[in-house]
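Residue-level structure breakdown
Here is what each chain is made of, one letter per residue.
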Amino acid sequence: MTTTSALFYLFAAVLLVSAFKVITARSTVHAALYLVLAFFNASCVWMLLQAEFLAITLVLVYVGAVMVLFLFVVMMLDINTDSLREGFWTHFPLAAFVGVLIALEMYFVMKGGFNLGAVKALPPEVVKMGNTKALGIEIYTQYLYPLQIAAVVLLVAMVAAIALTLRKRKDSRSQNPSEQVKAKKADRVRLVKVAPTIEAASLPKEGGQA
């Protein structure tokens, strides 16, 4: 067994254990930390596959941004997980069946990628340019339409999340730009001539007599 194979089995074992602890940990904070450990080991596996760009992206995006957000949300909301665990073993058989079904589907979809005999060697010019540039060329040429579809799906999901969480408060004040543009001077300002209610005192005459 080579060093690369030993490291792969080590990272894969830690990844499986941490992923299992994510769904079995009693504390939500511990579950989020186990998920961070799983992401780190997945990035190490990608490093062994010489996919440095994907490994660094996983660490920066998921560990550095998404998981930090998860930890803030978990610690700020203080969710009562005891009520969420009620009925766990009741629904466990159905959840296990769905999990096995998904695993079988992933196996049949991805088994072609494990056929090492059908893998073609990369051209020398692709090896020299690096995997990051090669990945970009591959995505924006052969997989351009799936990339655009994924971008549209993410945009729709983002707009839907904003629409679902947007709530109009009664005590908030906002401006309507269209109403401001249509405003006229006559609608905003009105000059009113008010008659004086107190007569002005007469000025004193010369010689000190009023």
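What you see is a predicted model, and the numbers here were worked out from it, not measured in a lab.

1. Some thoughts on the overall build of the chain
Of the regular secondary structure elements, the chain holds 10 helices and 0 strands. Across the 210 residues in the chain, those meeting the buried criterion constitute 10%. When contacts within the chain are restricted to residue pairs at least 6 apart in sequence, those whose partners lie at least 24 apart make up 52%.

2. Side note on the confidence of the model for the chain
When pLDDT is averaged across the chain, the result is 81; 83% of the residues are at 70 or more. The least confident element of the chain is helix α4 (residues 81–84), whose mean pLDDT is 68; the most confident is helix α1 (residues 3–24), at 91.

3. Regarding a nonpolar patch on the surface
Together, L94, F97, V98, L101, I102, M106, V109 and M110 line one region of the surface with nonpolar side chains, adding up to about 810 Å² of accessible area. As for its placement among the helices and strands, I102 is situated in helix α5 (residues 88–110). For I102, a relative accessible area of 43% puts it in the partly exposed group.

4. A short note on the packing of α1 against helix α2 (residues 28–48)
α2 packs onto α1 with a crossing angle of 155° between their chain directions and a minimal axis gap of 8 Å. Between α1 and α2, the interaxial angle falls into the category roughly antiparallel. Pair α1 / α2 crosses with left-handed handedness. Along its contact with α1, which presents T4, L7, F8, F11, V14, L15, S18, A19, K21 and V22, the element α2 presents A31, Y34, L35, L37, A38, N41, A42, C44, V45 and L48. When its residues are assigned to classes, the contact of α1 with α2 shows 16 nonpolar, 3 polar and 1 charged.

5. Considering the UniProt feature "transmembrane region" (unreviewed entry) in the chain
On the UniProt side, "transmembrane region" (unreviewed entry) is annotated at positions that read residues 6–24, 31–49, 55–77, 89–110 and 143–166 here. Each end of residues 31–49 is marked by a C-alpha atom, and these two atoms are 27 Å apart; helix forms 95% of the span and strand 0%.

6. A short note on unusual backbone geometry
The phi dihedral of Q50 is positive, around 60°, even though this residue is not glycine. Note that Q50 resides in the loop between α2 and α3 (52–77). Take Q50: its relative accessible area is 58%, and that puts it in the exposed class.

7. Some thoughts on the packing of aromatic side chains
Inspection of every chain in the model, using the stated rule, returns 3 aromatic pairs. Seen in terms of ring centroids, F39 and Y62 are 5.3 Å apart; in terms of plane orientation they differ by 50°. Their pairing is tilted. With F39 in helix α2 and Y62 in helix α3, the pair connects residues that are 23 residues apart, well separated along the chain. Here Y62 falls in the partly exposed class, since its relative accessible area comes to 40%. Here the aromatic rings of Y107 and F108 are separated by 5.3 Å at their centres, their planes lie at 65°, and the arrangement is edge-to-face. With relative accessibility at 52%, the residue F108 sits in the exposed group.

Cut-off values and rules
- Residues numbered from 1 in each chain as written.
- Predicted model: local features only at pLDDT ≥ 70, side-chain atom pairs only at ≥ 80, totals over all residues.
- Heavy atoms only, no water.
- Helix = DSSP H or I, 4+ residues; strand = E, 2+ residues; numbered from the N terminus.
- Buried < 20%, exposed > 50% of the residue type's maximum accessible area, 1.4 Å probe, protein only.
- Contact = heavy atoms within 4.5 Å.
- pLDDT = per-residue confidence, 0-100.
- Patch = residues over 30% accessible without salt bridge, like charges linked within 9 Å, V, L, I, M, F, W, Y side chains within 5 Å.
- Areas by Shrake-Rupley, 256 points an atom, 1.4 Å probe, with all protein chains shown as cover.
- Salt bridge = Lys/Arg side-chain N within 4 Å of Asp/Glu carboxyl O.
- Axes fitted to C-alpha atoms, helices over the stretch in contact; angles between N-to-C directions.
- Parallel < 35°, antiparallel > 145°, perpendicular 65-115°, else oblique.
- Left-handed = near helix turned anticlockwise from the far one by under 90°.
- Nonpolar A, V, L, I, M, F, W, Y, C, P; charged D, E, K, R; others polar.
- UniProt positions renumbered as here; feature names shortened; annotations may be inferred.
- Phe/Tyr/Trp six-rings, centres within 6.5 Å; stacked < 30°, edge-to-face > 60°.

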